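Residues per chain are reported as follows:
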Amino acid sequence: MMQHTTGPVAAEMTERLTAALNPTHLAVIDDSEAHRGHGGHDARGESHFTVDIVAAAFDGLNRVARQRLVNRALADLLRERVHALVIKARAPGEL
């Protein structure tokens, strides 16, 4: 089950995470509006995200290793465009 938002940054994130991790579930949620007026808010939008992802690539990995895989797939976006990212990464069968 794949879900994603429609903005160009969210679409790019979805494409990269799909290619890198082949998830069985992926939701890229734009949280930017909730951060309007806070540090790091970008007037263009799409600056704060939550990624909810389930992938076999996470099996046997701890939380930090899972986050590193996600960060690696999104590296230049995190440097140049995304201010904040919440990562919820699970292996299949985990709650």
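As the structure is a computational prediction, the values presented were derived from the model and not from experiment.

### A closer look at the overall build of the protein chain
In step 1: Scanning the protein chain from terminus to terminus reveals three helices and four strands.
In step 2: When the 95 residues of the protein chain are sorted by exposure, 39% land in the buried category.
In step 3: Expressed as a percentage of contacts within the protein chain between residues at least 6 apart in sequence, the contacts between residues at least 24 apart total 62%.
In step 4: Element-wise, carbon and sulfur atoms account for 52% of the exposed surface of the protein chain, whose accessible area totals about 5,500 Å².

### Looking at unusual backbone geometry
In step 1: Phi angles above zero are rare outside glycine, and Asn22 is one such case at about 45°.
In step 2: With respect to the helices and strands, the residue Asn22 is situated in the loop between helix 1 (8-21) and strand 2 (25-30).
In step 3: On the basis of relative accessible area, Asn22 is assigned to the exposed category, the value being 61%.

### Observations concerning the pattern of salt bridges
In step 1: This structure, assessed with the given rule, holds four salt bridges.
In step 2: With its nearest N and O atoms 2.6 Å apart, the salt bridge here joins Arg16 to Glu12. Pair noted here: Arg16 and Glu12 are both in helix 1, with a separation of four residues, about one helical turn.
In step 3: Residue classification places Glu12 among the partly exposed residues on the basis of a relative accessible area of 27%.
In step 4: Between Arg16 and Asp76 there is a salt bridge whose closest N-O contact spans 2.3 Å. Taken together, the residues Arg16 in helix 1 and Asp76 in helix 3 (residues 75-80) connect sequence positions 60 residues apart.
In step 5: What makes Arg16 partly exposed here is its relative accessible area of 21%.
In step 6: A residue is classified by how much of its surface remains accessible, and Asp76, at 25% relative accessible area, is partly exposed.

### Comments concerning helix 2 (residues 63-73)
In step 1: For helix 2, the full list of buried residues reads Arg66, Val70 and Ala73. The buried side chains of helix 2 occupy one side of the element, clustering within an arc of 65° when seen end-on. Opposite the buried face of helix 2, at more than 90 degrees from it, the exposed residues are Arg68 and Arg72.
In step 2: Looking at the packing, one finds that the buried side of helix 2 touches helix 1, strand 3 (48-54), helix 3 and strand 4 (84-90).
In step 3: Between the side-chain oxygen at the start of helix 2 and the backbone nitrogen of Val64 there is a gap of 3.1 Å, and the oxygen is on Asn62.

Each value, and the rule that gives it
- Residues numbered from 1 in each chain as written.
- Predicted model: local features only at pLDDT ≥ 70, side-chain atom pairs only at ≥ 80, totals over all residues.
- Heavy atoms only, no water.
- Helix = DSSP H or I, 4+ residues; strand = E, 2+ residues; numbered from the N terminus.
- Buried < 20%, exposed > 50% of the residue type's maximum accessible area, 1.4 Å probe, protein only.
- Contact = heavy atoms within 4.5 Å.
- Areas by Shrake-Rupley, 256 points an atom, 1.4 Å probe, with all protein chains shown as cover.
- Salt bridge = Lys/Arg side-chain N within 4 Å of Asp/Glu carboxyl O.
- Arc of directions from axis to C-beta.
- Polar contact = N/O pair within 3.5 Å; in protein donor to acceptor, adjacent residues only side chain to side chain.

Just geometry here; none of it tells us what the structure is for.
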